[in-house]
Amino acid sequence: MSEKVSFGDRVVAAGFAAGWKLVPLLPQRPTAAAFRFLADRVWSRRGKSVRRLESNLARVTGLEVGSPQLRELTRAGMRSYFRYFHEIFRLPAMDRGELVRRTHVIGAEHIHSTVAAGRGVVLALPHMGNWDQAGAWLVGVGHPFTTVAERLRPESLFRRYVAFREGLGMEVLPLTGGDGHNFGTLATRVRKGGVVCLPAERDLTKSGVEVSFFGATTKYPAGPPLLAVQTGAALLPATVYFVGDDWGIHIHPELPVPAEGTRQEKVAAVAQGLADVFEKGISEHPEDWHMLQRLWLDDLEPR
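The rules behind these values
Residues numbered from 1 in each chain as written. Predicted model: local features only at pLDDT ≥ 70, side-chain atom pairs only at ≥ 80, totals over all residues. Heavy atoms only, no water. Phe/Tyr/Trp six-rings, centres within 6.5 Å; stacked < 30°, edge-to-face > 60°. Helix = DSSP H or I, 4+ residues; strand = E, 2+ residues; numbered from the N terminus. Buried < 20%, exposed > 50% of the residue type's maximum accessible area, 1.4 Å probe, protein only. Lys NZ or Arg CZ within 6 Å of the ring centre and 35° of its normal. Salt bridge = Lys/Arg side-chain N within 4 Å of Asp/Glu carboxyl O. Core = buried A, V, L, I, M, F, W, Y, C linked by side-chain atoms within 4.5 Å. Contact = heavy atoms within 4.5 Å. Axes fitted to C-alpha atoms, helices over the stretch in contact; angles between N-to-C directions. Parallel < 35°, antiparallel > 145°, perpendicular 65-115°, else oblique. Left-handed = near helix turned anticlockwise from the far one by under 90°. Nonpolar A, V, L, I, M, F, W, Y, C, P; charged D, E, K, R; others polar.

So, on to the packing of aromatic side chains. Considering all chains together, one arrives at 19 aromatic pairs under this definition. For the ring pair W20 and F89, a centre distance of 5.5 Å and an interplane angle of 90° mean the geometry is edge-to-face. One end of the pair, W20, is in helix α1 (residues 7-22); the other, F89, is in helix α4 (residues 68-90), with 69 residues separating them in the sequence. Here F89 falls in the buried class, since its relative accessible area comes to 6%. Both rings, one in W20 and one in Y161, keep their centres 5.4 Å apart while their planes meet at 90°; by these two values the pair is edge-to-face. Of this pair, W20 sits in helix α1 while Y161 is found in helix α8 (residues 155-167), placing the two residues 141 residues apart along the sequence. Each of the two residues, W20 as well as Y161, counts as buried. Connected via pairs of aromatic rings, a cluster forms that spans F16, W20, F35, Y81, F82, Y84, F85, F89, W131, Y161 and F164. Positioned above the aromatic ring of W43, the side-chain terminus of R75 is 4.9 Å from the ring centre.

For the rest of this paragraph, the subject is the pattern of salt bridges. Opposite charge on two side chains lets them pair, provided their charged atoms get close. Tallying each qualifying case throughout the model produces 15 salt bridges. One salt bridge connects R71 with E54, and the closest N-O pair in it is separated by 3.7 Å. Of this pair, R71 sits in helix α4 while E54 sits in helix α3 (residues 48-61), and the two are 17 residues apart along the sequence. Each of the two residues, R71 as well as E54, counts as buried. A salt bridge links R59 to D299; its shortest N-O distance comes to 3.4 Å. Pair noted here: R59 is in helix α3 and D299 is in the segment after α11 (263-284), with a separation of 240 residues, a long-range link. It is possible to trace a salt-bridge network through shared partners that takes in R52, R59, D298 and D299.

Soluble globular proteins tend to bury their nonpolar side chains together. By size, the foremost hydrophobic cluster in this structure holds 89 residues, and its most contacted members are M78, I88, L123, Y161, F213 and W289. With nine residues, the single largest contributor to this core is α4. Those residues within four positions of I88 in sequence are excluded, and the remaining contacts are F16, W20, N130, D132, Y161 and F164.

Another point: the environment of A216. One can find A216 in strand β7 (residues 216-220). Since its relative accessible area comes to 11%, A216 is described here as buried. Along the primary structure A216 and L57 are separated by 159 residues, whereas in three dimensions their C-alpha atoms are 13 Å apart. Excluding residues that lie within four positions of it along the chain, A216 makes contacts with R59, V211, W296 and D298.

So, on to the packing of α4 against α8. At their nearest, the axes of α4 and α8 sit 11 Å apart, and the two run at 65° to each other. When the axis of α4 is compared with that of α8, the two are roughly perpendicular. As α4 packs across α8, the resulting crossing turns out to be left-handed. On α8, the residues that touch Y84, F85 and I88 of α4 are Y161, F164 and R165. By residue class, the composition of the contact of α4 with α8 is five nonpolar, no polar and one charged.

Here it is as structure tokens:
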């Protein structure tokens, strides 16, 4: 059965194809300014995604919805989000040495020492900053890794995204529509001392683990904490943000797995530890948290 693709999906796919083809050929400053202009236009129209980002940032900061301070933070958030897209179009053409030099990393030793000891690493990240650039840095310092990608529509866009990430040195598994053995593949990678990187603060499978996050309940994906519990890999939370024209990555210390309890209890405890670390990182860089979707359970529409 052929895929049904809407006109909007086709436009988005064409825009991404043009971006990867044309943006690297143009001067960086004018294209960056153009993306900031687009971000401001989208922000000023206060569409559904912008209002959701504002609502999410209100939970994070305690600012009142509609207040001038929150509106300005939301504009900064949209600029950060559009900067991400501008940068992914330029990443394939960037000099890898320059990319590594301009990445300011706290806690890199947590990865290096763990891998050197022969243990696998699960890096868990929220949707912050430029996570693809962070992945390119990780490959650039000698740690190729495996990740899982949400299946985008249309299929042509998903394939382009996979090709883009594979071009940066990542192994990419589809979240859905693959062989159905993603967890087994990831477990194999870390048991062999490899590195896995996974988005970890929004559950896309509807089978996540409930955690308290900024004072309300949401669900985190079970995968990252379950990998740590079942394989003994080190689960390292990482937060990613922008530093001027450069990039920042904070790799936090390993989250401990409780010695006692059922597997479910251990996974829940590790997931909550992850949420606690992400709270701190997002609070420090709220403008770089790109959460334009519903996240907390009490924000979900009744079913």
